[in-house]
Amino acid sequence: MDPTPDTRHSLLVRLGNPADEQAWSRFVELYEPLIYRLARRKGFQHADAQELTQEAMVAVAAAIDQFDTDPNRGSFRGWLSRIARNMMINFLSRARPEQRGTGGTGFRCLLEQQPAAGSDDEDLFGWEYRRELFRCAARQVRHEFHETTWQAFWQTSVEGEAIQSTAEALGLSVGSVYAARSRVMARIKQKVRQLEED
């Protein structure tokens, strides 16, 4: 199984209908934070990254009907990654130096010297996509678990805390922490599959 599943063809088709609020809501929920984090990783300040993210969403809405869903022509995330990268370059090109909050012309030169969107950018975009799928799934299933169960999972699986110290802090046995991790992770995996299918 491909560790970075493609955006569902059905969602891409549905995005062609601007009135399909559910499809656009799903798209924005998944990709807006991804583009924001990508911009922050490229050195944009918070406000600039937010503005750039909104502009990228508008650009996708305007161009989605031009995206070729043939997998031989490239992936949707690759296409979206190129849009985001071009938006970053355009954002820096039109900003006046006194408005630019990204470190001045040195930052612009650094960004422009980056290689054209290719496998590295797409790999980063794919990684951020998987992270956002996990975050989205975790948000949606958290209410299904007792707080202690959730904390046993979160502290050991996400924050990297030791099993023994987490068990002691939460007043659980080591076996209970392992069981909590397993239950929560199984539910998150199930939710991720569901999100990919919707």
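Refer to the structure printed above.
Residues numbered from 1 in each chain as written. Predicted model: local features only at pLDDT ≥ 70, side-chain atom pairs only at ≥ 80, totals over all residues. Heavy atoms only, no water.

Quick notes on the overall build of the protein chain
Heads up, the condition is: Secondary structure counts use DSSP, requiring at least four H or I residues in a row for a helix and at least two E residues in a row for a strand, with both numbered from the N terminus. For every residue, the accessible area (1.4 Å probe, protein chains only) is compared with the maximum for its type, and the residue is labelled buried under 20%, exposed over 50%, or partly exposed between those bounds. Whether two residues are in contact is decided by their heavy atoms: any pair within 4.5 Å suffices.
For the protein chain, the count of helices and strands is nine helices and zero strands. Each helix (α) and strand (β) of the protein chain, taken in turn from the N terminus, gives the series α-α-α-α-α-α-α-α-α. When each of the 198 residues of the protein chain is scored for burial, the buried share is 40%. For the protein chain, the proportion of contacts with a sequence separation of at least 24, taken over those separated by at least 6, is 67%.

Observations concerning the packing of aromatic side chains
Rules: The criterion for an aromatic pair is that two Phe, Tyr or Trp rings (for Trp, the six-membered ring) have centres within 6.5 Å, with stacked assigned to planes under 30 degrees apart, edge-to-face to planes over 60 apart and tilted to the rest.
Using the criterion set out here, one finds seven aromatic pairs in the structure. Each ring, one from Phe27 and one from Tyr31, has its centre 5.0 Å from the other, and the planes form 35°; the classification is tilted. Of this pair, Phe27 and Tyr31 both sit in helix α2 (residues 21-41), four residues apart, which is roughly one turn of the helix. In terms of burial, Phe27 and Tyr31 fall into one category: buried.

Here's the deal with the nonpolar core
Soluble globular proteins tend to pack their nonpolar side chains together in the buried interior. Stated precisely, the cut-off is as follows: Side-chain atoms within 4.5 Å link the members of a nonpolar core, which is a set of buried Ala, Val, Leu, Ile, Met, Phe, Trp, Tyr and Cys residues.
In this structure, Phe27, Tyr31, Phe76 and Ile188 are the most contacted members of the largest nonpolar core, which totals 45 residues. Every element with two or more residues in this core is listed here: α1 (9-15), α2, α3 (46-63), α4 (76-94), α6 (119-141), α7 (147-158) and α9 (174-197). With residues up to four places along the chain from it excluded, the contact list for Phe27 reads Leu15, Glu32, Met57, Val60, Phe76 and Leu80. Among the nonpolar cores identified, the runner-up in size contains five residues, and Ala152, Ile163, Ala167 and Ala180 belong to it.

Observations regarding the environment of Trp127
Considering the arrangement of structural elements, one finds Trp127 in helix α6. Taking C-alpha positions, Trp127 is 9.4 Å from Leu34, a pair spaced 93 residues apart along the chain.

Side note on the pattern of salt bridges
What counts here: Throughout this description, the term salt bridge denotes a Lys or Arg side-chain nitrogen within 4 Å of a carboxyl oxygen of Asp or Glu.
Here the structure, examined in full by the defined rule, presents five salt bridges. In this structure, Glu147 and Arg142 form a salt bridge, with 3.0 Å as the shortest nitrogen-oxygen distance. Note on Arg142: relative accessible area 35%, which makes it partly exposed. One salt-bridge network, in which partners are shared between bridges, spans Arg37, Glu132, Arg135 and Arg139.

What is shown is where atoms sit, not what they do.
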